[in-house]
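Structural overview for review
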Amino acid sequence: MNLSDLNKVAQAMVQPGKGLLAADESGGTIKKRFDAIGVTSTEQSRRDYREMLFRSKQAMTQAISGVILYDETIWQDGKDGTPLIKLIEQAGAIPGIKVDEGTQGLPNCPGETITLGLDKLAERLAKYYKQGARFAKWRAVIDIGQNSSGQAIPSYAAVHANAHALARYAALCQAAQIVPIVEPEVLMDGDHDIDRCYEVTQFVLKETFQELYFQKVALEGMILKPNMAVAGKKSAKQATLDEVAEKTVRLLKACVPAAVPGIAFLSGGQSDQDATAHLDAINKIGGLPWSVTFSYGRALQAAPQQAWSGKPDNVAAGQQAFTHRARMNSLASKGEWAPELEHNKAA
Ligand code: 13P
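Rules used in this analysis
- Residues numbered from 1 in each chain as written.
- Predicted model: local features only at pLDDT ≥ 70, side-chain atom pairs only at ≥ 80, totals over all residues.
- Heavy atoms only, no water.
- UniProt positions renumbered as here; feature names shortened; annotations may be inferred.
- Helix = DSSP H or I, 4+ residues; strand = E, 2+ residues; numbered from the N terminus.
- Rg over C-alpha atoms; globule rule 2.2 N^0.38 Å.
- Buried < 20%, exposed > 50% of the residue type's maximum accessible area, 1.4 Å probe, protein only.
- Contact = heavy atoms within 4.5 Å.
- Lys, Arg positive; Asp, Glu negative; His and termini not counted.
- Charge placed at Lys NZ, Arg CZ, Asp CG, Glu CD.
- Pairing = 2+ DSSP bridges.
- Axes fitted to C-alpha atoms, helices over the stretch in contact; angles between N-to-C directions.
- Near = heavy atom within 4 Å.
- Polar contact = N/O pair within 3.5 Å; in protein donor to acceptor, adjacent residues only side chain to side chain.
- Core = buried A, V, L, I, M, F, W, Y, C linked by side-chain atoms within 4.5 Å.

An unreviewed UniProt entry lists the protein chain under the name Fructose-bisphosphate aldolase, from Rhodopseudomonas palustris. According to the UniProt record, the Catalytic activity (unreviewed entry) comment for the protein chain is "beta-D-fructose 1,6-bisphosphate = D-glyceraldehyde 3-phosphate + dihydroxyacetone phosphate". Per its UniProt entry, the protein chain bears the Pathway (unreviewed entry) comment "Carbohydrate degradation; glycolysis; D-glyceraldehyde 3-phosphate and glycerone phosphate from D-glucose: step 4/4."

Here's what the structure looks like:
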């Protein structure tokens with residue numbers, strides 16, 4: 001492992017004014033997104049859609065530091081035969097790859113899951129490195145709520161098993177000269193309030209960094225992709241913008257060592273504008289030991305998906321919608337966003 005080179009890639013991923021585009025939806029997830037806009041999910045429609053994003057020159061060169069790809073995309077060529085991965089590199093962005101293989105029920109933990117994909121991961125990482133990937137992503141999923149027996153979840157068993165898998169993955173990535181994005185996602189699906197989200201996320205992050213330490217992962221060569229502290233979507237007690245920003249900053253300061261170069265949030269089902277406003281408010285607090293930016297899937301792609309709707313005539317509109325969201329999040333990553341800027345979509 002060359003830690004200095006890993007650190008350079010990690011720094012580039014969170015460079016000022018830029019963040020990550022999570023375009024690594026699995027086959028099932030992209031089908032769901034396409035169903036919502038009336039597009040049939042085929043190898044070609046997925047290629048056309050993603051090519052549209054990667055050819056959005058302004059967004060890609062000015063706001064996007066890297067793109068997380070799904071296995072299918074990293075081997076695909078664009079319409080004119082240019083590999084999609086080349087389009088990303090030509091824009092000055094770094095290609096990355098999702099390497100987890102989804103989740104499965106965890107025995108003895110009803111309602112909870114473990115993320116799969118460690119078997120043969122070393123071999124897969126070597127192939128992805130050869131193809132040009134310089135970072136990877138692994139997502140652990142932690143739900144807040146109650147299981148079928150009425151017990152509160154998450155359980156220690158699930159948090160520990162997922163943290164351990166994240167650390168094993170991260171160590172394998174660094175051995176393959178690939179920067180791991182460590183993503184322990186606490187879902188915002190339930191009816192819990194922001195303080196319960198804070199408490200569970202703290203538990204998950206403490207456990208994750210302990211396991212990263214035990215597996216000897218070099219913190220300087222990784223990126224953390226956490227959720228923010230937010231109330232569950234079904235909670236009657238939604239938190240204010242300032243409360244989300246203050247509690248998220250407090251939470252991360254308590255859990256994330258300063259040696260980590262950057263934190264790139266997931267959007268997790270927040271509205272486009274909430275995801276931007278929250279990131280902006282966090283950066284406006286300032287004085288943070290890490291770069292804090294975005295690694296958004298839905299919050300960057302919902303608008304371009306709608307605008308495109310699978311029609312070749314709408315490619316320019318799709319690119320404009322993507323460019324707008326990328327630019328808003330770029331400003332938010334510097335604490336320079338304001339709600340009025342949302343109206344100036346052409347700029
Ligand atoms: P969302 O921003 O849609 O949560 O996706 C980010 C991601 O990569 C989840 O793994």
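From this point on, the discussion continues.
Looking only at helices and strands, the protein chain has 13 helices and twelve strands in total. Taking 347 residues into account, the globule formula puts the C-alpha radius of gyration at 20 Å, and the protein chain, at 19 Å, falls close to it. In the protein chain, which comprises 347 residues, the share counted as buried stands at 56%. Sequence-distant contacts in the protein chain: of pairs separated by 6 or more residues, those separated by 24 or more amount to 78%. Here the protein chain contributes 38 positively and 38 negatively charged side chains, and the mean placements of these two sets differ by 3 Å.

Attention shifts here to the sheet that holds strand E9 (residues 179–186). The strand order E1-E2-E3-E6-E9-E10-E11-E12 describes a closed barrel built from eight strands, whose pairing is parallel. Relative to strand E11 (residues 262–265), strand E10 (residues 223–224) is paired through two bridges, and the arrangement is parallel. Its bridge partner lying in E11, Ile-223 is registered against Gly-262. Helix H11 (residues 272–285) contacts E11 and strand E12 (291–296) of the sheet and is inclined by roughly 170° relative to E12.

Bringing the site of the ligand into the picture now. Neighbouring the ligand are 13 residues; Lys-137, Lys-225, Ser-267, Gly-268 and Arg-298 lie closest to it. A distance of 2.7 Å is found between an oxygen atom of the ligand and a backbone nitrogen or oxygen belonging to Gly-268.

This paragraph deals with the environment of Leu-341. Among the secondary structure elements, Leu-341 is positioned in the segment after helix H13 (315–333). Judged by relative accessible area, which is 29%, Leu-341 ranks as partly exposed. Between the alpha carbons of Leu-341 and Val-260 there is a distance of 31 Å; along the sequence they are 81 residues apart. Those residues in contact with Leu-341 that lie beyond four places of it in its chain are His-324, Met-328, Leu-331 and Glu-336.

With that out of the way, let us pick up the nonpolar core. Counting residues in each nonpolar core, the largest one holds 100 residues, and the members touching the most others are Phe-54 and Tyr-169. Among the elements that line this core, the one with the most residues is helix H8 (residues 156–175), at seven residues. In contact with Tyr-169, other than residues within four places in its own chain, are Val-99, Leu-118, Leu-121, Ala-136, Lys-137, Trp-138, Pro-180, Ile-181 and Val-182. Ranked by size, the runner-up nonpolar core spans seven residues in total, among them Ile-144, Val-159, Val-200 and Val-204.

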